[in-house]
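# Structural features, examined
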Amino acid sequence: PGCAREAAEPDAGAALVLAAYSASRDVLDREILPAFVEDMRARTGKKIRVEASYLASGAQTRAVLGGFPADVVVLAMAPDVDKLVTGGLVDPAWAQGPERGFVASSVVAFAVRTGNPKGISTWADLARPGVAVLMPNPRTSGGAMWNVSALWGAALRGDAGFPAGDREAAHDYLRDVLRNVVVLDKGGRESVITFEKGVGDVAVTYESEIVAGRLAGRKYDEILPPSTLLIEIPAAVVAKNATRHGVSGDAEAFVAFLRSEAAQRAFGRYGFRRANGEVFADAPPATAAAPPALFRIEALG
């Protein structure tokens, strides 16, 4: 979806354009964006509007590279932001600081039918014959890239039913899981919606997506495998655009606000974790369980 910066009413306040990945839509639209607007008004007296666009992370990145006038991005993975750095849109120093550019996190988890009739509990179960798996398409979805990385990492760690470090067995395992995938949707949100329509036995997805669905009254269970991959969610100012639009200060303020306690609590209410993987004490039940053993993408090289 586009935005019409030039069509804004003169007295409607400054417009800040956000390009975000699809799975962040609920928490941003319902809580964080309104809270940021109010915070800016209360602290500075400035009237801000945020015009938000949501797409699968890879598609969103290509849109910004192709000219979509985003001032800030919230994407599914750091390499998508790095593509904007290569394109001359984002400052190469975007990932400096103690948070390394990340504003929240999640983990790779399984959504299963109520009561878990297929008995899915481990990574090995995803490769069993007759298990219908859903996950999004790695060509368009950052979430899918996290999923594939989690599958590969779990296999190399010895968490998929064979000894650790066996790369040939890990390759065969990944092939077998992908053969079980019945639908490759374009994004993580779309994949969960397909699962909610009754397709498949298990959806490999963000834990936060499962929490969002259950909070909305959808009937399915969450399984956290014994070890899983930490999903780190970056945000960055699109400096070239923000400077041209005269909103650099507002864009920096928004990225800073994402790390504020108010925004972090909002992330927690929607099933996200802090950037370091910590679960909020008052998080929804699906995220309040003892966290699994987490590994980071750096473990894969």
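Residues numbered from 1 in each chain as written. Predicted model: local features only at pLDDT ≥ 70, side-chain atom pairs only at ≥ 80, totals over all residues. Heavy atoms only, no water.

By the burial criterion, the buried members of helix α3 (residues 78–86) are A78, D80, V81 and L84. Taken end-on, α3 shows its buried residues confined to a sector of 160°, consistent with a single buried face. Of the surrounding elements, those touching the buried residues of α3 are α2 (57–65), β3 (72–74), β4 (102–113) and β9 (227–237). Backbone geometry just downstream of α3 places G88 in the positive-phi region, at approximately 80°. (Buried < 20%, exposed > 50% of the residue type's maximum accessible area, 1.4 Å probe, protein only. Helix = DSSP H or I, 4+ residues; strand = E, 2+ residues; numbered from the N terminus. Arc of directions from axis to C-beta. Contact = heavy atoms within 4.5 Å.)

Let's shift gears to empty space enclosed by the protein. Summed over all chains, the structure comprises 2 cavities of 30 Å³ or more. Considering the residues around the largest cavity, the lining is formed by 13 residues, among which Y21, S22, S57, S141 and G188 are closest to the centre. Class assignment for the residues of the lining of the largest cavity results in 6 nonpolar, 7 polar and no charged. The computed volume of the second largest cavity comes to approximately 40 Å³. Along its surface, the second largest cavity is lined by A23, D26, V27, R189, S208, E209, A212, Y270 and F272. At the level of secondary structure, the elements contributing two or more residues to the lining of the second largest cavity comprise α1 (25–44) and α7 (207–215). Its residues assigned to classes, the lining of the second largest cavity shows 5 nonpolar, 1 polar and 3 charged. (1 Å grid on protein atoms, 1.4 Å probe; cavity = no way out; pocket = protein on both sides within 12 Å on 5 of 7 lines; lining within 4 Å. Points joined across faces, edges and corners; volume = space filled by probe spheres on them. Nonpolar A, V, L, I, M, F, W, Y, C, P; charged D, E, K, R; others polar.)

Within strand β1 (residues 14–21), 7 of the 8 residues are buried, which leaves the element mostly enclosed by the surrounding structure. Where β1 meets strand β2 (residues 48–55), 8 bridges bridge the pair, whose relative direction is parallel. When the bridges of β2 are listed, Y21 appears paired with L55. Chirality of the crossover, the property in question, places the unit of β1, α1 and β2 among those that are right-handed. As judged from the 3 bridges shared by β1 and β3, these two strands associate in the parallel manner. If you follow L18 over to β3, its bridge partner there is V72. (Pairing = 2+ DSSP bridges. Right-handed = clockwise from strand over helix to strand, strands pointing away.)

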